[in-house]
There are 2 protein chains.
Amino acid sequence: MKLLDMYAKLKGDITQIEKELERSVTFEHKLLSEASLHLLKAGGKRLRPVFVLLAGKFGRYNLEVMKKIAVPLELIHMASLVHDDVIDDAATRRGQPTVKAKWDNRVAMYTGDYIFGRALVIATELGNPQIHQVLSKAIVQMGIGEMEQIRYFFNTDQTLRHYLLRIRRKTALLIAVSCQLGAIAADADRETANRLYEYGYNVGMAFQIRDDLLDLFGTEKQIGKPPGSDIRQGNITLPVILALQDEANRERLLVEIARIREHNGNVDTREAIELIKNSKGIHVAEQLAAKYVEKALAALKELPSLPAKKNLSDIAHFVGKRNY
Amino acid sequence: MKLLDMYAKLKGDITQIEKELERSVTFEHKLLSEASLHLLKAGGKRLRPVFVLLAGKFGRYNLEVMKKIAVPLELIHMASLVHDDVIDDAATRRGQPTVKAKWDNRVAMYTGDYIFGRALVIATELGNPQIHQVLSKAIVQMGIGEMEQIRYFFNTDQTLRHYLLRIRRKTALLIAVSCQLGAIAADADRETANRLYEYGYNVGMAFQIRDDLLDLFGTEKQIGKPPGSDIRQGNITLPVILALQDEANRERLLVEIARIREHNGNVDTREAIELIKNSKGIHVAEQLAAKYVEKALAALKELPSLPAKKNLSDIAHFVGKRNY
C-alpha cells in the first residue's frame, strides 16, 4: 500500500494545497518562479502538508486557514532541500536534475532564500504570533542540523547521540511542528497540539532512520538516486555508526570509508554497503525505528477517535514498515 | 565628519545593540557562532539599527523593544551579505576575510540561513504580526533583488529602470523598512511610520547610488576592497549604464567590459574606470543621488521637530555628499 492511499480522503484538499504551492511561487520573478516550480514538480510526498491537514481535523478545520500552514511548511522543507543540493553537489533529486544542476549554485541559493521568504509571508497572513515564533525557531534548528551534518561528514567517531540530535533538528522537528501548527491553526486545545507535536516528533525520527536505511539498502528506482549516496557524500548515518561498533566489521569498514573519502565519493560502495548489511547494526537500527513508531502511537492514544487519528496511526505503521 | 559622529547621542544605545547582536548569534552551536561573530566583528556602519532607533524616537521609545527590531534588521542585512559573498566568490569584505574564505561555501550558506532564522526568532518575540509580515516581504524582495543582480551580470543592454528596480529591492527597501518598523514598534501613528518609510526608501536609493560610485572612484582604504570590484564581478552599476549611453565612450567601454568578462574579472580595470570617469554619466548619477536626498528630506518635513529629525536630515545630507 502506498502512503498516498492512506490519505485518500484528503485528496481534494491535497490537490488544493498543490495548486496553492504552485501559486505561492509563481509570480514576481520569472527565473525564481521557474526554478521553484521545477523543484515543486520534481514531486515529493507532501508529507508535511498531510500532517498539517490531519492535525487540523482535531480542531475547527478550515481549508483556507490550513493552507496557510501547510504551504509554508512544504516550502520550508523545499528551501532546505535546494540549499542541501548546493552543499551536496547533487546532480539529481527524486530522479530529476536539481536546481543547481539545471541552472547553477547561485540560482539554487537564491531560490532557497526566496522560497524561505515566501513561506514566511504566507504564514504571517494568519496574524498569529505564536505560529511565526514556532516556524522561526524551527528554521534556526534546521539550519543547525544541516551544519552539524556537514561538520560530521566522514567522522567515524561520532556516536548514536550525535546522530539522533542531528536528525531531530534536520527532520523530526519540522514534522513535529507541522502537526503542532496544524492543531494550533485550527484552534485545537493546547494539550491536543502538544500530543500531536509528540506524535510528529517520533514519526519524524522513525522516518529519518528508515530513510537512512533505505539510502543504503533500497533500489535506485525506490529512492530516485543510486543507493549509498549518503555514505558517498560522507554522511555517516545510523546503520554505519552501528556497523562501526561491530568489531567483526569495523576495521574493514573504516578502510572502505577512507577509500570513499579519498575518491570524493566517486567510487563503488557495494563493499561498504555489504559490510554494513552483514553487521548487527541493521537490526538495532530497525528496533530503534520501531521504538519511535511505538512512541508516536502512544502519543495518539488520548486523542479523540476521529478518522484522522486512524490516518495518523496508519502513517506511523507505514513509516515503521520495512521497505527495502 | 564621520557618519558615526552624527549619532553620538545614540552611542549608549548603539553599544547595547552591538552587545545584543553578539548575544543573538552566540549560542547553541560553536561553528555557527564563530562564523556569525566573525561576520559581525568585521564591522559595518550599523546603519539599519541607527535608522530603527531614530525612527523609534517619533513614538514611545523603549530600548528593549527597539532592540528587537534593530537587531533583526542588522542580522537580515548580514545574512544577505554572507550569501552574496558565496555568490561573488569574494575573498574579503571590509578588509577582512569573508566567511566563505575563512571556512568554506557550505559554512557561509548555512551561516546565512541560521542568521536569517535568528533574526526572525528575535522579531517574533514582539508578537506583532504586522512586523513579521513587513519583514518577511522585505526578505522576499531582497532575494529577488539579489537574483536580478546576478541575472544582469555583464548585461550591457540594461536600462536605468533595471538598475533602479534592482537597488530598490536590494538596498532601499530594507532601509525603508528599518525606519517604518522602528516607528511601528514604538507605536508611532501610521502617517509618521509612512513618512519615515518614504524617507528611508529615498535615503537608501541615494546611499546605493553613492556606494556604486564609490566602488569605482574610491580608494582601497575607503572601501575596504580594491576599487572596481563591482565591474570585475559583472555588476553593471549606474555610472557604467550611463557611460554606455555616452556615444563618445561606448565602444571602447564595451571592449573593456568584454575583456573583463573574458578574464573572469582577473584583469586591470583602470582603463574601464577611466572611461567611466570621463563620461557624462557621473554627473547624471550624482544628480540622481541628490534628487533622492531631496525627496528624503521632503519626507521629513511634516514630522515633529525632534532632535531625531535633525539626525535623520544630517544622515541624508551625509549620504548625498561626494566622498571620492
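Since the structure is predicted, the reported quantities are computational estimates derived from the model, not experimental observations.

Colleague: Can you walk me through the overall build of chain A in this structure?
Modeller: For chain A, the count of helices and strands is 17 helices and 2 strands. Taking the principal axes of the C-alpha coordinates as reference, chain A spans close to 55 × 50 × 35 Å. Expressed as a percentage of its 324 residues, the buried residues of chain A come to 61%. Relative to all contacts within chain A whose residues are 6 or more apart in sequence, the contacts with residues 24 or more apart total 74%. Accessible surface for chain A amounts to roughly 13,300 Å². Of this, 49% is attributable to carbon and sulfur atoms. The positive charge centre, built from 47 side chains, and the negative charge centre, built from 40, are 3 Å apart in chain A.

Colleague: Sorry, what's going on with the relation of the copies chain A and chain B here?
Modeller: Relating the two copies of this chain is a rotation about some axis coupled with a shift parallel to it. Between the two copies, chain A and chain B, the superposition gives an RMSD of 0.0 Å; the rotation angle is 180° and the shift along the axis is 0.0 Å. Both copies of the chain, as the preceding transformation shows, are related through a two-fold rotation axis. When each C-alpha of chain A is compared by its distance to the rotation axis, proline 129 of chain A comes out closest, at 2.9 Å. By residue overlap, the copies meet face to face through one surface: 100% of the interface positions of chain A are interface positions in chain B.

Colleague: What is the right way to look at the packing of helix 4 (residues 47–56) of chain A against helix 17 (residues 307–320) of chain A in this model?
Modeller: Two packed helices can be described by the angle between their axes and the distance between those axes. Residues and elements named next belong to chain A. Packing of helix 4 against helix 17 brings their axes to within 9 Å, and their N-to-C directions diverge by 150°. Crossing hand, helix 4 versus helix 17: left-handed. Across the interface between the two elements, Val50, Phe51 and Leu54 of helix 4 pack against Ala308, Asn311, Leu312 and Ile315 of helix 17. Grouping the amino acids of the contact of helix 4 with helix 17 by side-chain chemistry returns 6 nonpolar, 1 polar and no charged.

Colleague: Where do I start with the interface of chain A and chain B in this structure?
Modeller: Taken together, the contact pairs 40 residues of chain A with 40 residues of chain B. The interface formed by chain A and chain B includes 0 salt bridges. Linking chain A with chain B are 11 residue pairs in polar contact (both at pLDDT 80 or more). Those elements that place two or more of their residues in the side of chain A that touches chain B are helix 3 (30–41), helix 5 (63–88), helix 7 (105–124) and helix 8 (129–151) of chain A. The dominant element in the side of chain A that touches chain B, judged by the number of residues it contributes, is helix 8 of chain A, at 15 residues. Broken down by class, the residue content of the side of chain A that touches chain B amounts to 18 nonpolar, 11 polar and 11 charged.

Colleague: When you look at the pattern of salt bridges in this model, what are you seeing that I'm missing?
Modeller: Oppositely charged side chains can pair when the atoms bearing their charge come close. Residues and elements named next belong to chain B. One pass over the structure, following the stated rule, counts 30 salt bridges over all chains. Measuring nitrogen to oxygen at the nearest pair gives 3.1 Å for the salt bridge that ties arginine 46 to glutamate 74. Here arginine 46, found in the loop between helix 3 (30–41) and helix 4 (47–56), pairs with glutamate 74, found in helix 5 (residues 63–88); they are 28 residues apart in sequence, far enough to count as distant. Here arginine 46 falls in the buried class, since its relative accessible area comes to 7%. The partner of arginine 270 in a salt bridge is aspartate 268, and the shortest N-O contact between them spans 2.7 Å.

Colleague: What exactly am I supposed to notice about helix 15 (residues 270–277) of chain A here?
Modeller: Along an α-helix, a turn takes 3.6 residues, which lines up residues three or four apart on a common side. All names here are of chain A. Turning to helix 15, its buried residues number three or more, namely Ala272, Ile273, Leu275 and Ile276. Buried residues along helix 15 cover an arc of 160° about the axis, so they all sit on one side. Taken together, the buried residues of helix 15 touch helix 10 (190–217), helix 12 (229–233), helix 13 (238–244), helix 14 (247–262) and helix 16 (281–300).

Colleague: Help me understand the packing of aromatic side chains, please; the structure alone is not making it clear to me.
Modeller: The geometry of an aromatic ring pair is captured by two quantities: the separation of the ring centres and the angle between the planes. Residue and element names in this part refer to chain B. Under the definition given, this model contains 2 aromatic pairs over all chains. For the pair phenylalanine 51 and tyrosine 199, a centre-to-centre distance of 6.0 Å together with 70° between the ring planes defines the contact as edge-to-face. Highlighted residues: phenylalanine 51 in helix 4 and tyrosine 199 in helix 10 (residues 190–217), separated in sequence by 148 residues. Tyrosine 199 carries the same exposure label as phenylalanine 51, and that label is buried.

Colleague: Help me understand the nonpolar core in this model?
Modeller: A general feature of soluble globular proteins is that nonpolar side chains tend to end up buried together. Ranked by internal contacts, the top residues of the largest apolar core, which has 228 residues, are Tyr199 of chain A together with Tyr199 of chain B. Ignoring sequence-local partners within four residues, the contact set of tyrosine 199 of chain A consists of Phe51, Cys179, Ala296, Ala299, Leu300, Leu312, Ile315 and Ala316 of chain A.

Colleague: What should I look at first to understand the confidence of the model for chain A in this one?
Modeller: For residues with low pLDDT, the predicted coordinates do not support detailed interpretation. All names here are of chain A. On average, residues of chain A carry a pLDDT of 91, and 96% of them reach 70 or more. Per-element averaging of pLDDT across chain A places helix 1 (residues 3–6) at the bottom with 62 and helix 9 (residues 160–185) at the top with 97. Across the assembled chains, the prediction reports ipTM 0.88 with pTM 0.91.

Colleague: What is the right way to read helix 2 (residues 11–25) of chain A from this model?
Modeller: Residue and element names in this part refer to chain A. Given a rise of 1.5 Å per residue, 15 residues ought to cover 21 Å, and the 22 Å separating the end C-alpha atoms of helix 2 matches this to within 8%. Taken together, the buried positions of helix 2 are occupied by Asp13, Ile14, Ile17, Leu21, Ser24 and Val25. The buried residues of helix 2 occupy one face: seen down the axis, they fall within an arc of 100°.

Colleague: I tried to follow the environment of glutamine 130 of chain A on my own but got confused; where do I start?
Modeller: Turning to its location among the elements, glutamine 130 of chain A is positioned in helix 8. Sequence separation of glutamine 130 of chain A and alanine 185 of chain A is 55 residues, and the distance between their C-alpha atoms is 9.8 Å.

Colleague: Even after reading the chapter, I still don't get the environment of threonine 192 of chain A, so can you show me in this structure?
Modeller: All names here are of chain A. Mapped onto the fold, threonine 192 is located in helix 10. Overall, threonine 192 belongs to the buried group, its relative accessible area being 8%. Once the C-alpha coordinates of threonine 192 and proline 304 are considered, the two residues, 112 residues apart in sequence, prove to be 9.3 Å apart. Look past the residues within four positions of threonine 192 in its chain and what remains in contact with it is Phe58 and Leu303.

Conventions and cut-offs
Residues numbered from 1 in each chain as written. Chains lettered and ligands numbered in written order. Predicted model: local features only at pLDDT ≥ 70, side-chain atom pairs only at ≥ 80, totals over all residues. Heavy atoms only, no water. Helix = DSSP H or I, 4+ residues; strand = E, 2+ residues; numbered from the N terminus. Buried < 20%, exposed > 50% of the residue type's maximum accessible area, 1.4 Å probe, protein only. Contact = heavy atoms within 4.5 Å. Areas by Shrake-Rupley, 256 points an atom, 1.4 Å probe, with all protein chains shown as cover. Lys, Arg positive; Asp, Glu negative; His and termini not counted. Charge placed at Lys NZ, Arg CZ, Asp CG, Glu CD. Least-squares fit on C-alpha atoms with pLDDT ≥ 70 in both. Axes fitted to C-alpha atoms, helices over the stretch in contact; angles between N-to-C directions. Left-handed = near helix turned anticlockwise from the far one by under 90°. Nonpolar A, V, L, I, M, F, W, Y, C, P; charged D, E, K, R; others polar. Salt bridge = Lys/Arg side-chain N within 4 Å of Asp/Glu carboxyl O. Polar contact = N/O pair within 3.5 Å; in protein donor to acceptor, adjacent residues only side chain to side chain. Arc of directions from axis to C-beta. Phe/Tyr/Trp six-rings, centres within 6.5 Å; stacked < 30°, edge-to-face > 60°. Core = buried A, V, L, I, M, F, W, Y, C linked by side-chain atoms within 4.5 Å. pLDDT = per-residue confidence, 0-100. Expected span 1.5 Å × (residues − 1).

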